[in-house]
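Report on the structure
Spelled out from the first residue to the last, the chains are:
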Amino acid sequence: MSILNRKLAYSLAINETLKQIMERDKEVLLIGQGVKSPWYVGNTCQDLIELFGEERVIDTPISENAMTGAAVGASIVGMKAIIMHPRIDFSLYAFDPIINQAANWSYMNGGRASAPVVFWLVINRAGEQAAQHSQALYSLFAHIPGLKVIAPSNAYDVKGLLTSAINDPDPVVFIDDRWLYGIEDFVPEELYELPIGKGIIKSPGNDITLVSSSFLTSECTAATEILKSQKISVELIDLRSIKPLDLDLIFNSVKKTGRLVIVDGSWKSNSIASEISASVNENLLGHLKSPVFRLNLPDAPAPASRTLEAEYYITKEKIIEAVRNTLL
Amino acid sequence: MKYSKEILISLYRTMLRIRTAEESLVEPILNGEIRTPVHLYSGEEAIAAGLCANLNHSDYIFGNHRSHGHYLAKGGDMGAMIAEIYGKEGGCSRGRGGSMHLIDPENGVMGIVPIVAGTISLALGAALASKIRKDKKVVVSFFGDGATGEGVLYESLNFAALKKLPIIFACENNLYSTHLPISEIRVNEKIYETAKPFGIESYRVDGNNVLDVLDSSKNAIDKCRNNQGPVFIEFLTYRFRGHVGPDDNIQGSHVDIRPKDEIEKWLKKDPIQHLKEIMIKNHVLSDLDFSNLHHEINKEVKDATHYALNSNYPNPSDLLKYVYTK
């Protein structure tokens, strides 16, 4: 019996998804540095070893390349492997198995095999952690043919998208933002899927389209509420996936509003925001009432010191300013 | 003679099939019919033949850029391999992979790629799957001496030892890392010793003696199947051809960069000739039997080439097919 309107924190929604899928399917395997340690993973992996044993829930030596390759290899022989990197920055040691191997596996083998692995990469930033503990590398992975990339923004979405990712026959990168971990939402108890590659209109509006994903959808939601009180009607789109991008959803909205602000939690150059902006300009130039605006991080590594950090990250105030400027 | 007639003929046949298929590619490479980079396995046949002879059909192998021999020895279809090398839709990877991306999952050829050491960790994962599933499958990771420069090998050795995985690290040491002789890439030329600090049983075998390969790999495979893996075996061998293509072809010169006397020394250690001499000495096959066997294999290669040449090239409209499964 499902409890109606049950609220669950985002991190516990991940934990529940893993428990339910691993219970249902013995072929699901979780590998990751720190799956035993809340210091690494919060409560996303709690009880998993007790429930499924150390053979299927594997804490690892610090060997990102081989551990990621092992997950890819297990998936190539038919297991559903999840490889978790508690900081996305460390997954860069594993570019070969992610990009050379998994992403290309289906194509270079003429569709005769695939690597249905999930790369669970956690963004864990701020708190003066500086450049190598703060990166949000969305477009780096979204650039690669053969990969799919999900970037959920809330507890309900993460359960549905992670379920889809694990069930997907192709490799999926799950970019997980720790800033979401404590945020609660309504989450059904039973497993469900959300389609990879489809976004959602979080709130309908007429004056301007605001596109975002991952943690920044929370900031955009707050900004949208404030703007509403100022009589500005924002249509807020949450991408849910950043590869494939749901361009149709964005196009239909921009045709209606004629204005677009893209809020993207990574660097501006060659970003998801750049990709959306280019696509809108290629297809909808006649519909635009003002230039597309990209709100990104500045093209600089993340700083340590609090004064610089405060300047670096995107806030609802910066989003409101971007929307108001685009409406001028 | 401790070896049965059947096993000797089978090893000879496997090696000769590989050699004949490989050498059939030389002319089409030189005249431009074959364009994909081809790394010929000629000279190293004893390793694939001897090791795969002990594997079950359901066991897995992973290979590298020089893996035609592994593919054939594990049971991969020859016509599909040659068609792949010609870039045809009828190839094992439907013309999307070429010589360096052969696959035949139904026969346990799970992945072959040219990123040096790229499949070592994939084989590690397949061995992990075998351990979790308790299905007793053994996994062989074939890589060369050049791959010992890659960090992922050492990460994989550590993890395989830690979890006692059923994996054989099969290092084919042909003494050259593309153009560089082994003395220029490492201090200790005994590659097998690098596995010892990880607590892995490791040893060196004459990779041109198929019976030594057979015996040593049987021991290793039995250990892996009985949860006593992993095992690291260094097979000492030599490639008869260039790193890529029939010769090293530096600036169109069609010469080999290796010392002439070194090449001649190794040509005398031809693994196929070596086994043939043993078989003649032990009256396993007559001259006529050998002649018939060669004739049969020549025909098989001819038929496989015929299949490849008659297969279509992929349709340009299918360019984007297979990027994703769905």
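Look up: the structure comes first, before these words.
Below you will find a few notes about this structure. For clarity, every value in this text was computed on a predicted model and none was experimentally measured.

Criteria and thresholds
- Residues numbered from 1 in each chain as written.
- Chains lettered and ligands numbered in written order.
- Predicted model: local features only at pLDDT ≥ 70, side-chain atom pairs only at ≥ 80, totals over all residues.
- Heavy atoms only, no water.
- Helix = DSSP H or I, 4+ residues; strand = E, 2+ residues; numbered from the N terminus.
- Rg over C-alpha atoms; globule rule 2.2 N^0.38 Å.
- Buried < 20%, exposed > 50% of the residue type's maximum accessible area, 1.4 Å probe, protein only.
- Contact = heavy atoms within 4.5 Å.
- Areas by Shrake-Rupley, 256 points an atom, 1.4 Å probe, with all protein chains shown as cover.
- Lys, Arg positive; Asp, Glu negative; His and termini not counted.
- Charge placed at Lys NZ, Arg CZ, Asp CG, Glu CD.
- Pairing = 2+ DSSP bridges.
- Axes fitted to C-alpha atoms, helices over the stretch in contact; angles between N-to-C directions.
- Right-handed = clockwise from strand over helix to strand, strands pointing away.
- Parallel < 35°, antiparallel > 145°, perpendicular 65-115°, else oblique.
- Left-handed = near helix turned anticlockwise from the far one by under 90°.
- Nonpolar A, V, L, I, M, F, W, Y, C, P; charged D, E, K, R; others polar.

Quick word on the overall build of chain B
Scanning chain B for helices and strands turns up 11 helices and 8 strands. Relative to a compact globule of 326 residues, whose C-alpha radius of gyration would be 20 Å, chain B shows 19 Å and is just as compact. The buried share among the 326 residues of chain B stands at 58%. Relative to all contacts within chain B whose residues are 6 or more apart in sequence, the contacts with residues 24 or more apart total 74%. Within the structure as shown, chain B displays about 13400 Å² of accessible surface, and the carbon and sulfur contribution to it stands at 52%. In chain B, 38 side chains carry a positive charge and 41 a negative one; their mean positions are 6 Å apart.

Considering the sheet that holds strand E14 (residues 293–297) of chain A
Residues and elements named next belong to chain A. Reading across from one edge, E9-E11-E10-E13-E14 is the order of the 5 strands in this open sheet, with mixed pairing throughout. At either end of the open sheet lies a strand with only one pairing partner, and these are strand E9 (200–203) and E14. Each adjacent strand pair in this sheet contributes to an overall mean axis angle of 25 degrees, direction not counted. In this structure, strand E10 (residues 208–212) lies alongside strand E11 (residues 234–238), joined through 5 bridges in parallel fashion. Following the sheet pairing, Ile208 is matched in E11 by Val234.

Details of the pairing of strand E8 (residues 231–236) of chain B
All names here are of chain B. Buried residues dominate E8, accounting for 5 of its 6 residues. Here strand E7 (residues 201–206) runs beside E8; their pairing, made up of 6 bridges, is parallel. Residue pairing for E8: Ser202 is matched across the bridge by Phe232. As for the winding sense of the linkage, the β-α-β connection from E7 through helix H8 (residues 210–225) to E8 is right-handed.

Digging into the packing of helix H5 (residues 78–85) of chain B against helix H11 (residues 287–310) of chain B
Residues and elements named next belong to chain B. Between H5 and H11, the least distance of the axes is 8 Å, while the angle of their chain directions is 50 degrees. In terms of axis orientation, H5 runs oblique to H11. Regarding H5 and H11, the two cross each other, and that crossing is right-handed. The segment H5 lies against H11, with Met78, Gly79, Ala80, Ile82 and Ala83 engaging Glu300, Val301, Ala304, Thr305, Tyr307 and Ala308. Looking at the contact of H5 with H11 residue by residue, the class counts come to 8 nonpolar, 2 polar and 1 charged.

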